[in-house]
Amino acid sequence: MARSPHRPQRAGRRLSDGRSRAIDSALKRRLEATLGERLYGPVAQRHDTTEIRVAPGDVAAVMRTLHDDPDLRFRLLADICGVDTGTTMQVVYHLWSDTTPDWLRVIAADLDRDDPRVPSITFLWKGAEWGEREAYDMFGIVFEGNRDLRRIYMPPDYTSFPLRKDFLLPDDASRSPGMGVRHMEQARRPADAPAAAPRSAKAG
Amino acid sequence: MSTTPQARVRSLDDPELYVETPATIFDAIPPYPPRTEREAEFYSVREGEMLINLGPQHPSTHGVLRVVLKIDGERVVDLDPVLGYLHRGVEKICENSDWHMVVSHCDPLEYIASMFSELVPVMAAEKLLDVEVPRRAEYIRVLACELNRISSHALFMGWLALDLGGLTPILYGFIERDEIVEMLAALTGQKLLFNYMRIGGVNGDLNHEFMSRLGDWMGHAAQRIEDSQTLINENEIFVKRTRGLGVIDRETALRMCLSGPPLRATGIPYDVRRAHPYGVYPELEFEIPTREEGDSYARYQLHLDEIKQSIHIIDQVLHKLPDGPVMAKLPRLLRPRPGRAFAAIESPRGQYAVYAMSDGTDQPFRLRIHDPSYFNLQSVGLLTPGHLIADTMAIMASLDPIMGGVDK
């Protein structure tokens with residue numbers, strides 16, 4: 001960790017050997033022992049983040065365990081957001097605890113894209129209320145148990161959900177410089193090539 | 001030319017009274033049936049209560065926040081913040097621009113301290129790309145951020161006093177801010193939206209004008225802060241109007257997802273620079289000041305303590321600053337491998353985070369921006385009821401929201 005400032009620097013070096021932190025495998029074991037079969041796939045660890053996936057129905061129970069378990073103590077909700085992968089919806093929570101140097105990412109995976117529903121976590125973190133309202137406003141994800149689930153940014157008579165992948169920007173916006181290099185690449189394509197379909201995540 | 005028949009709607013002054021002016025969504029009582037339990041509860045007005053709009057153009061709302069207050073005489077019974085007047089859809093814009101452009105789109109979010117709002121997406125992109133930033137660039141980032149933190153905190157103290165009716169402190173706050181802003185303008189070429197951070201480093205190396213301005217300022221910075229403290233620290237009116245106001249305890253602060261000074265004012269030493277270190281902060285010595293009271297006055301004092309710590313950090317950075325390049329060598333077109341990354345930093349207002357997803361193209365697949373002002377502002381609904389209307393401003397100012405970040 002502590003490196004001499006006089007050591008020559010090679011810019012653009014990979015993170016893997018030098019600065020990256022040791023992966024917290026103890027946390028992985030603890031999560032596997034505590035959550036057991038409620039985990040929806042293996043525990044993934046990269047950089048400084050440990051990632052678990054749970055079924056949407058299990059969110060409330062899993063979050064309560066993570067919050068209350070004396071060995072986990074994830075008392076601080078760092079973020080809550082919705083994600084549209086193009087095929088399914090997800091709700092992603094980031095948690096912080098003093099028991100581990102890692103962020104914990106909890107992904108409520110595979111929400112139905114036509115009717116995304118997930119239990120609210122406002123019974124643990126009242127402050128998640130606005131986060132859930134924002135996810136509802138932008139993605140249409142319904143958080144069951146949130147007392148105040150209405151639009152927060154868009155006007156009340158608005159009907160669509162802007163951050164969904166099938167919400168495309170109007171033509172003038174996609175021709176703007178914001179499209180950047182991608183737009184230049186498209187311009188070079190032969191005229192009869194099919195138009196680009198809406199993106200969907202390879203990341204999953 | 002036909003006129004549309006106008007519906008009879010409830011008067012804003014007296015809900016029992018029906019008038020013929022058409023109601024719009026800007027009226028205190030919305031012209032549509034309540035959508036949620038909470039909305040129904042809030043907009044049913046009892047005997048003696050009434051609803052008034054605070055904002056969206058009220059100067060004490062720090063931008064364009066509208067708060068519907070339900071008041072009984074001079075006392076606030078309940079309130080309902082209405083957001084979205086400044087919503088630009090930055091997250092959607094970022095999904096449609098390439099990784100380098102994301103920096104300048106995120107820049108104006110927290111416009112009082114924009115070094116921070118451009119640093120986070122850059123850090124998230126670096127994590128996705130697995131790039132190591134040269135050490136000199138890391139130190140310069142810390143230097144620029146801490147300077148910006150001081151300028152933001154100096155303005156905070158002025159604002160707080162201004163919302164309580166004192167005009168003088170903000171003038172002193174701007175003196176401090178002006179010197180730092182001039183300094184950063186020498187470094188970055190901009191005074192407000194710096195656009196200085198780059199994926200893989202910073203835009204330019206330190207120059208002579210910046211260093212000489214910084215040297216001048218460091219000589220009297222600590223003394224200047226002491227001086228401006230004495231202006232309001234023991235001012236009886238200021239203390240009476242902030243002490244014991246908007247008290248929040250530890251458990252509630254965690255439950256409300258507070259971060260930054262409002263959280264540390266309750267005694268929880270959560271600072272991302274120590275709780276989850278990034279950059280070169282592990283190599284720097286500084287304390288995390290906390291207070292136990294959790295009221296507006298504690299939040300004010302905490303800002304003063306943090307300025308002192310920031311000056312201490314800048315001093316160390318200037319002694320430790322290594323030589324070397326300030327940019328990693330990266331291709332112009334960035335295509336991170338598919339993956340997810342979460343980066344968080346401690347901005348003057350709390351934990352500023354970005355959750356980025358890449359699908360292997362040159363544009364982010366999803367870029368979630370977590371702004372601390374948004375989550376801190378939320379607790380104004382918890383802190384204000386029971387206080388006077390005038391105290392609403394004092395509580396709101398002590399939470400220090402920036403509407404550019406709240407509305408994204």
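What counts and what doesn't
- Residues numbered from 1 in each chain as written.
- Chains lettered and ligands numbered in written order.
- Predicted model: local features only at pLDDT ≥ 70, side-chain atom pairs only at ≥ 80, totals over all residues.
- Heavy atoms only, no water.
- Helix = DSSP H or I, 4+ residues; strand = E, 2+ residues; numbered from the N terminus.
- Buried < 20%, exposed > 50% of the residue type's maximum accessible area, 1.4 Å probe, protein only.
- Contact = heavy atoms within 4.5 Å.
- Areas by Shrake-Rupley, 256 points an atom, 1.4 Å probe, with all protein chains shown as cover.
- Buried area = accessible area lost by both parts, 1.4 Å probe.
- Salt bridge = Lys/Arg side-chain N within 4 Å of Asp/Glu carboxyl O.
- 1 Å grid on protein atoms, 1.4 Å probe; cavity = no way out; pocket = protein on both sides within 12 Å on 5 of 7 lines; lining within 4 Å.
- Points joined across faces, edges and corners; volume = space filled by probe spheres on them.
- Pairing = 2+ DSSP bridges.
- Axes fitted to C-alpha atoms, helices over the stretch in contact; angles between N-to-C directions.
- Phe/Tyr/Trp six-rings, centres within 6.5 Å; stacked < 30°, edge-to-face > 60°.
- Lys NZ or Arg CZ within 6 Å of the ring centre and 35° of its normal.
- Core = buried A, V, L, I, M, F, W, Y, C linked by side-chain atoms within 4.5 Å.
- Domains from an automatic or database assignment.

A. Molecular detail of the overall build of chain A. Looking only at helices and strands, chain A features 5 helices and 7 strands. Within the span of chain A, comprising 204 residues, buried residues form 49% of the whole. Sequence-distant contacts, at least 24 apart, represent 51% of the contacts inside chain A between residues at least 6 apart. Counting only carbon and sulfur atoms, one obtains 52% of the accessible surface of chain A, whose full area is about 9600 Å².

B. Expanded view of the interface of chain A and chain B. The interface is formed by 75 residues belonging to chain A together with 75 residues belonging to chain B. Both faces considered, chain A and chain B share a buried interface measuring about 6800 Å² in area, 52% of it formed by carbon and sulfur atoms. Among the residues of chain A in contact with chain B, Trp130, Arg147 and Tyr153 of chain A are the three that bury the most area, contributing 12% of the side total. At the junction of chain A with chain B, the criterion picks out 11 salt bridges.

C. Just the pattern of salt bridges, in detail. Applying the stated rule across the entire model yields 51 salt bridges over all chains. The residue aspartate 137 of chain A makes a salt bridge to arginine 151 of chain A at a minimum N-O spacing of 2.4 Å. Of this pair, aspartate 137 of chain A sits in helix H3 (residues 128–139) while arginine 151 of chain A sits in the loop between strand E7 (142–144) and helix H4 (171–174), and the two are 14 residues apart along the sequence. According to the relative accessible area criterion, arginine 151 of chain A is buried, its value standing at 9%. Between glutamate 209 of chain B and arginine 213 of chain B there is a salt bridge whose closest N-O contact spans 3.2 Å. In this pair, glutamate 209 of chain B and arginine 213 of chain B are both assigned in helix H7 (residues 208–232), 4 residues apart and thus about one turn of the helix distant. Owing to a relative accessible area of 33%, arginine 213 of chain B belongs among the partly exposed residues under this scheme. Salt bridges sharing partners connect three or more residues here, namely Glu146, Arg149, Arg264, Asp271, Arg273, Glu306 and Glu346 of chain B.

D. Inspection of empty space enclosed by the protein at higher detail. Scanning all chains against the criterion turns up 5 cavities of 30 Å³ or more. Approximately 70 Å³ is the volume attributed to the second largest cavity. Leu76, Leu77 and Ala78 of chain A together with Ala253, Leu254, Cys257, Leu258, Ser259, Gln351 and His370 of chain B together form the lining of the second largest cavity. Among the elements of the structure, strand E3 (76–84) of chain A together with helix H9 (250–255) of chain B are those that each provide at least two residues to the lining of the second largest cavity. Residue contributions to the lining of the second largest cavity peak at 3 residues, all from E3 of chain A.

E. Seen up close, the sheet that holds strand E9 (residues 350–358) of chain B. Residue and element names in this part refer to chain B. Strands sit in the order E8-E9-E10 across an open sheet of 3 strands; the sheet is antiparallel. Every other strand in the sheet has two partners, leaving strand E8 (339–347) and strand E10 (364–370) as the edge strands with one partner each. Between one strand and the next, the sheet's axes are offset by a mean angle of 15°, whatever the strand orientation. Summarising the sheet, E8 and E9 pair through 9 bridges and their orientation is antiparallel. Note on E9: the bridge partner recorded for glycine 339 is serine 358. The strands touched by helix H3 (residues 99–106) are E9 and E10; relative to E10, the strand with the most contacts, the crossing angle is about 25°.

F. Molecular detail of the packing of aromatic side chains. If you walk through the whole model with that rule in mind, you get 12 aromatic pairs over all chains. Taking 6.0 Å as the distance between ring centres and 45° as the angle between the ring planes, the aromatic pair formed by tyrosine 153 of chain A and tyrosine 374 of chain B counts as tilted. With tyrosine 153 of chain A in the loop between E7 and H4 and tyrosine 374 of chain B in helix H13 (residues 372–377), this residue pair bridges two chains. Geometrically, the ring pair formed by tyrosine 278 of chain B and tyrosine 281 of chain B is edge-to-face, given 5.2 Å between the ring centres and 70° between the ring planes. With respect to class, tyrosine 278 of chain B is no different from tyrosine 281 of chain B; both count as buried. Each member of the aromatic cluster is reached from another via a ring pair, and the members are Trp130 and Tyr153 of chain A together with Tyr374 and Phe375 of chain B. The residue whose ring lies beneath lysine 165 of chain A is phenylalanine 365 of chain B, and the NZ or CZ to ring-centre distance is 4.0 Å.

G. Examining the nonpolar core more closely. Within the largest apolar cluster, 167 residues are counted, with the highest numbers of intra-cluster contacts made by Leu66 and Tyr93 of chain A together with Leu83, Phe210 and Trp217 of chain B. When residues of this core are assigned to their parent elements, the largest contribution, 13 residues, is made by helix H5 (residues 135–163) of chain B. Taken together, domain 1 (9–82) and domain 2 (90–407) of chain B each give at least three residues to this core, which thus spans both.

H. Region of interest: unusual backbone geometry. Residue and element names in this part refer to chain A. Not every positive phi belongs to a glycine, and histidine 47 is a case in point at roughly 50°. Phi is positive for aspartate 110, close to 60°, though the residue is something other than glycine. Mapped onto the secondary structure, aspartate 110 falls in strand E5 (residues 103–111).

I. Layout of the pairing of strand E4 (residues 89–96) of chain A. All names here are of chain A. Counting buried positions over the 8 residues of E4 gives 8, a clear majority of the element. Of the two faces of E4, the one lined by Met89, Val91, Tyr93 and Leu95 and the one lined by Gln90, Val92, His94 and Trp96 are each fully buried. Pairing geometry for E3 and E4, over 8 bridges, is antiparallel. From the neighbouring strand, valine 83 faces E4, where its bridge partner is glutamine 90.

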